[in-house]
Amino acid sequence: MSDFDQFFAEKLSEEGHFPRKEKNWRALSKRLDAFDTGLHQHVGHVRRFLRYWQAAAACAIVTAGWLTWKLGAVQKDNAGLRREIAVLQEKNNTAAQELALLQQRHPNETAASSATIRADVANDTAPAASQPVAPSNTLENAGDPDLARMDTPTNPPDHLLPGTYSTVEKIASLLSDSLHRIQSLPPFQNTIVAAAQPKIIEPVRNPSRFRAGIQVSAGLPLPHEKGISILLGQGIAAEYNIWRDFWLTASADWMRYDVSTEKYVPKFHSPHHHPPSHGGSPQEKLVKVQSTERQQQFGVGLRYALPMRSWARPAVRAAYTLTRTSPELVTFKFEHQGPGGPPGPPAPKYKVQRTESQILENVWRFGAGLEHETPSWVFGVWADYSKNFAASDETFDALMFRAGLQYRFN
């Protein structure tokens, strides 16, 4: 016994003699020893799992920091691209307006100039229609005033008939005047070039085929049992696009719930041990069962996103779940019932059992949800019905709610 037990025994001895003192003391000493043993086991178990959760929390913090930094960089790039697109659109709109205004002001300027040239040339060449044709090099250079002046001699050769030289000079003069009028128009070359340029075509971004992220879950046991708390937990999930709107899903969730019932319910304590029928005497009855249960749920399934283009896209899924229950301590409380007990209020008795880990199979989840997608992230909320298709008391059914955030990898 510990020093506290010795001190307590001495104090009891000072109170005088009473019936069955030694027997009662031995019973109390056994209870204290059992409680101390169970407490040490539970503390060691909690410390061991606390280290695991500390490591998992550190990884989650690092992952969240990296995802936050990545989100900021993506948002910065998107803001820069939006500014560039706005500038290009403004330039295109300005060019289109200038081109439309130019067409309204000078709709027939070029056509009128061409008609004047054709009429003047026809009038000058009509009297000499029966005369021999001028040399080919002179006619070829008639389109350029400078070349026409260079190729035309100051004194025409004898083989040129009268009127040919004057016709060439007239054509060159008219072309020069038309060119001068066109050049005197408002400058629109840059406008036409800018308007004629094709719009910038950005490369098509390949749709994301893989995404992964974190999620939080909560569940309601079905049917509802008094003394069973809500299931709470968190986990990770990943998805891969296998064909069109079909996705292969995988998830791992760590769940926990508390049990504080007035009787032993097998499906909430796995594996199922037969609880003690009494605390040591037939008159002692089980009045409370307490424990904290932890589960690791691993799921593989198929998700189908409905072909709808909306802000929140609906989807349905089905998944097979493999559940592992962790070893836990279950405390049973007994109270004396009936005659023959010690005087005064009955002292409760406690017994502690340690459960072993167990694998639960043949559990399926069927659910529906809504997802909102951005270029890099996916936000989703889901409601699932977890159904146990194994033995009726192997585990319990539940209505699960889940919210998650996933990053899209290209």
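Here the structure is a predicted model, which is why all the values come from computation and not from measurement.

### Some remarks on the overall build of the protein
- Per the secondary structure count, the protein includes 7 helices and 10 strands.
- Across the 410 residues in the protein, those meeting the buried criterion constitute 29%.
- Carbon and sulfur atoms form 60% of the exposed surface of the protein, whose accessible area is close to 26,800 Å².

### Here's the deal with unusual backbone geometry
- The omega angle of the peptide bond from leucine 222 to proline 223 is -10°, so this bond is cis rather than trans.
- With respect to the helices and strands, the residue proline 223 is situated in the loop between strand S1 (210-222) and strand S2 (231-243).
- Phi is positive for arginine 244, which is not a glycine, with a value near 55°.
- Considering the arrangement of structural elements, one finds arginine 244 in the loop between S2 and strand S3 (246-261).
- The phi dihedral of asparagine 362 is positive, around 60°, even though this residue is not glycine.
- Among the structural elements, asparagine 362 can be located in strand S8 (residues 358-373).
- Using a relative accessible area of 31% as the deciding quantity, one classes asparagine 362 as partly exposed.

### Some remarks on the environment of valine 216
- Along the chain, valine 216 falls in strand S1.
- Between the C-alpha atom of valine 216 and that of alanine 403, which follows or precedes it by 187 residues, the distance is 5.6 Å.
- Among residues more than four places away in sequence, those in contact with valine 216 are Gly233, Gln234, Phe401, Arg402 and Ala403.

### Some remarks on the pairing of strand S6 (residues 329-336)
- Inspection of the sheet shows strand S4 (residues 284-305) paired to S6 by 6 bridges, in the antiparallel sense. Bridge pairing in S6 links lysine 285 to glutamate 335.
- Direction of pairing for S6 relative to strand S7 (residues 349-354): antiparallel, over a ladder of 6 bridges. Each residue of the ladder has a partner; that of leucine 329, found in S7, is arginine 354.

### Considering the side chain of asparagine 388
- Note on placement: asparagine 388 falls in strand S9 (residues 377-388).
- Within the local environment of asparagine 388, its side chain forms a polar contact with the backbone oxygen of threonine 395, the two atoms lying 3.4 Å apart.
- Contacts of asparagine 388, omitting those with residues within four sequence positions, involve Glu361, Asn362, Val363, Glu394, Thr395 and Asp397.

### Observations concerning the nonpolar core
- One finds Ile228, Leu231, Met255, Tyr257, Val259, Val265, Phe268, Phe396, Ala398 and Met400 forming the largest nonpolar core, which totals 10 residues.
- Secondary structure elements with two or more residues in this core: S3 and strand S10 (397-409).
- Sort the elements by how many residues they give to this core and S3 lands first, with 3 residues.
- Contacts of leucine 231, omitting those with residues within four sequence positions, involve Ser217, Ala218, Gly219, Pro221, Met255, Arg256, Tyr257 and Phe396.
- Core analysis: the next-biggest nonpolar cluster, separate from the first, contains 6 residues, Leu286, Val289, Val330 and Phe334 among them.

### Regarding the packing of aromatic side chains
- Tallied over the full model, the rule gives 11 aromatic pairs.
- Aromatic side chains phenylalanine 246 and tyrosine 304 sit 4.7 Å apart centroid to centroid with 35° between the ring planes, which places their arrangement in the tilted category. In this pair, phenylalanine 246 sits in strand S3 while tyrosine 304 sits in strand S4, placing the two residues 58 residues apart along the sequence.
- On the basis of relative accessible area, phenylalanine 246 is assigned to the partly exposed category, the value being 26%.
- Owing to a relative accessible area of 25%, tyrosine 304 belongs among the partly exposed residues under this scheme.
- A centroid spacing of 4.9 Å and a plane angle of 80° characterise the contact between tyrosine 407 and phenylalanine 409, whose relative ring orientation is edge-to-face.

### Let's talk about the pattern of salt bridges
- Within this structure, the stated rule accounts for 13 salt bridges.
- We note a salt bridge from arginine 211 to glutamate 239, for which the minimum N-O separation is 3.0 Å. Residue arginine 211 is located in strand S1, and its partner glutamate 239 is located in strand S2; the two are separated by 28 residues in the primary sequence.
- By relative accessible area, which is 7% here, glutamate 239 ends up buried.
- Across the pair glutamate 328 and arginine 294 runs a salt bridge, and its minimum N-O distance is 3.6 Å. Here arginine 294 lies in strand S4 and glutamate 328 lies in the loop between strand S5 (313-325) and S6, a separation of 34 residues in the sequence.
- We classify glutamate 328 as buried; its relative accessible area is 2%.
- With relative accessibility at 25%, the residue arginine 294 sits in the partly exposed group.

Reading guide: rules and limits
Residues numbered from 1 in each chain as written. Predicted model: local features only at pLDDT ≥ 70, side-chain atom pairs only at ≥ 80, totals over all residues. Heavy atoms only, no water. Helix = DSSP H or I, 4+ residues; strand = E, 2+ residues; numbered from the N terminus. Buried < 20%, exposed > 50% of the residue type's maximum accessible area, 1.4 Å probe, protein only. Areas by Shrake-Rupley, 256 points an atom, 1.4 Å probe, with all protein chains shown as cover. Contact = heavy atoms within 4.5 Å. Pairing = 2+ DSSP bridges. Polar contact = N/O pair within 3.5 Å; in protein donor to acceptor, adjacent residues only side chain to side chain. Core = buried A, V, L, I, M, F, W, Y, C linked by side-chain atoms within 4.5 Å. Phe/Tyr/Trp six-rings, centres within 6.5 Å; stacked < 30°, edge-to-face > 60°. Salt bridge = Lys/Arg side-chain N within 4 Å of Asp/Glu carboxyl O.

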